[in-house]
Amino acid sequence: MGNEPHLLQRISKAFYFQLQSSHIFQFFFFVIGLTFGFVACLYLKSFLVSLQAPTYSTLPPISSTVTQASHTPPPPPLELLLSSFVESADGTSNYARVSLKKQEFLTHNMSDQELFQNASMVSQTELPGWQVPKVAFMFMTKGPLPFSLLWEKFFKGHEGLYSIYVHAHPSFNDSEPEDSIFYGRRIPSQPVYWGTSSMIDAERRLLANALLDISNQRFVLLSDSCIPLFNFKIVYNYLMDSNLSFLGSFDDPRKAGRGRYSPQMWPIINITDWRKGSQWFEVHRDLAMHIVSDTKYYPIFQKHCLMPCYMDEHYIPTLANMLYSEFNSNRSITWVDWSRGGPHPAKFGWGEITDEFLNQIRFGSTCPYNENTTSICFLFARKFLPSTLEPLLRVAPLLLGLEP
């Protein structure tokens, strides 16, 4: 009987030890479960991101038939950018891009010099895997865009694969309807006068605004009289699957070419560097960055390329020849008719819009593309009068593969 208290004490200690051990094991398994859950969440998140990341394939050489250009562009990002700011040299955020639903509004209070400087500082590194490359469509116009309805059909269903920038005369106060893709897409502008450096200023202004968005990788300059010749998918693939810019740049020995060169440009610019080309270009991001950041050649052109020397026909073609010739196709993808002579190309009206006429532009020539030959040499065409909108909308569903 005297041993009973000792026995009870030993039993109590054993029970207490077992209870402590049970708590330790529970805590141990809790930690293991928590760790496993955390690792599983990270793995699942990584897996979902990899599913969302777009993959790309190479477009086969474009042939003479539209149906062969069937490469599908990568899907747009799942979330729209809500806001982003680009800081100027003094650290103030003076550019804002705010996206609400599908509309994006551009505003900034930068001078051209500040704008070009900020655009030149934007990273040129490759896009992250989750970010989709876009084509920047830059429209230069005096007022309204007469073919906005046609362009609406062209862009429809491809949100996230393009950006739009419009440089209109600053006195133009009309605005597009709120449901239009052009609504809120005007950039701060300055007056543009034909044959002067103000045209190049407008082009650089458009490029600089577009360069602030790193997802813009290709840049197309269009006028208010331009129309698309193919649907968006073909245009997007044609540009994205090429490493070259599409910029006319050739040596013209005539008076209208080398005859415009000023010996005062030497030795910075030699007559052997001098080139001529169409104002309406398509360039890769690297060349766009060179055009915007140039402070060496632009002042020389501005001082010595005066009428009858036209900067819009010589500055960018010469710059591309001097700095980027190996990455330029030396041809424009915007069709225009100079066969009638004179200082301006031919204009086309309502009665000239036929299937035969447009197909002749679309497939009537051959040109090199990705080390092959294609009959698709032009993606856009000008100069079309506003009266052609109705017949163009009528033939667009069948001819361009656009929705009616």
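Predicted model only: the values in this text are computed from it and were never measured.

Caption draft 1: Layout of unusual backbone geometry. Cis geometry is adopted by the peptide bond preceding Pro-267, which originates at Trp-266 and carries an omega value of 10 degrees. Looking at the secondary structure, you find Pro-267 in the loop between helix H5 (232-240) and strand S8 (282-284). A cis amide bond links Arg-382 to the next residue, Lys-383, at an omega of 5 degrees. A positive phi angle is found at Asn-330, which is not glycine, with a value near 60 degrees. Counting through the fold element by element, Asn-330 comes out in the loop between helix H8 (311-323) and strand S9 (334-335). Phi is positive for Asn-370, which is not a glycine, with a value near 50 degrees. The partly exposed category is assigned to Asn-370, whose relative accessible area is 33%.

Caption draft 2: Highlighting the sheet that holds S8. An order of S5-S4-S6-S8 is seen for the four strands of this open sheet, with the pairing classed as mixed. Two strands bound the open sheet, and with one partner strand each, they are strand S5 (162-167) and S8. Across the sheet, the axes of successive neighbouring strands diverge by a mean angle of 20 degrees, strand direction being ignored. Across three bridges, strand S6 (residues 216-223) lies against S8 in antiparallel orientation. Bridged to Arg-218 within S8 is His-284. Where helix H3 (residues 148-155) meets the sheet, its contacts fall on strand S4 (134-140), S5 and S6, and the angle it forms with S4 comes to roughly 180 degrees.

Caption draft 3: Looking closely at the packing of aromatic side chains. Under the counting rule described, the total for this entry stands at 30 aromatic pairs. On the basis of an interplanar angle of 10 degrees and a centroid distance of 5.5 Å, the ring pair of Trp-274 and Phe-301 is categorised as stacked. Taken together, the positions of Trp-274 in the loop between H5 and S8 and Phe-301 in helix H7 (residues 298-304) put the pair 27 residues apart, joining distant regions of the chain. Residue Trp-274 shares its accessibility class with Phe-301, and that shared class is buried. When the centroid spacing of 5.4 Å and the interplanar angle of 45 degrees are considered together, the rings of Tyr-324 and Phe-327 count as tilted. On the accessibility criterion, Tyr-324 (12% relative accessible area) is buried. Through pairs of rings, three or more aromatic residues link up here, namely Phe-137, Phe-139, Trp-151, Phe-154, Phe-155, Tyr-162, Phe-182, Phe-232, Tyr-236 and Phe-380.

Caption draft 4: Main features of the state of the cysteines. Under the criterion given, the structure shown has two disulfides. One disulfide in the model links Cys-305 with Cys-309; its S-S distance is 2.0 Å. In this structure the cystine formed by Cys-305 and Cys-309 twists about its S-S bond by roughly -85 degrees; its chirality is therefore left-handed. Using a relative accessible area of 4% as the deciding quantity, one classes Cys-305 as buried. Judged by its relative accessible area of 3%, Cys-309 is buried. The side chain of Cys-367 participates in a disulfide bridge whose partner is Cys-377; the two sulfur atoms lie 2.2 Å from each other.

Caption draft 5: Structural view of helix H2 (residues 112-121). Of the positions making up H2, those classed as buried are Leu-115, Phe-116, Asn-118 and Ala-119. For H2, the arc enclosing every buried residue in end-on projection is 165 degrees, short of the 170-degree limit, so these residues lie on one face.

Caption draft 6: Examining the pattern of salt bridges more closely. Tallied over the full model, the rule gives seven salt bridges. Across the salt bridge formed by Glu-313 and Arg-260, the nearest N and O atoms sit 2.6 Å from each other. Here Glu-313, found in helix H8, pairs with Arg-260, found in the loop between H5 and S8; they are 53 residues apart in sequence, far enough to count as distant. A salt bridge links Arg-340 to Glu-352, with the shortest nitrogen-to-oxygen separation between them at 3.5 Å. You can see Arg-340 sitting in the loop between S9 and helix H9 (355-363) and its partner Glu-352 sitting in the loop between S9 and H9, a full twelve residues away along the chain. Note on Arg-340: relative accessible area 53%, which makes it exposed. Here the salt bridges share partners, and the residues they tie into one network are Asp-252, Arg-254 and Lys-276.

Calculation rules
- Residues numbered from 1 in each chain as written.
- Predicted model: local features only at pLDDT ≥ 70, side-chain atom pairs only at ≥ 80, totals over all residues.
- Heavy atoms only, no water.
- Helix = DSSP H or I, 4+ residues; strand = E, 2+ residues; numbered from the N terminus.
- Buried < 20%, exposed > 50% of the residue type's maximum accessible area, 1.4 Å probe, protein only.
- Pairing = 2+ DSSP bridges.
- Axes fitted to C-alpha atoms, helices over the stretch in contact; angles between N-to-C directions.
- Contact = heavy atoms within 4.5 Å.
- Phe/Tyr/Trp six-rings, centres within 6.5 Å; stacked < 30°, edge-to-face > 60°.
- Disulfide = S-S within 2.5 Å.
- Arc of directions from axis to C-beta.
- Salt bridge = Lys/Arg side-chain N within 4 Å of Asp/Glu carboxyl O.

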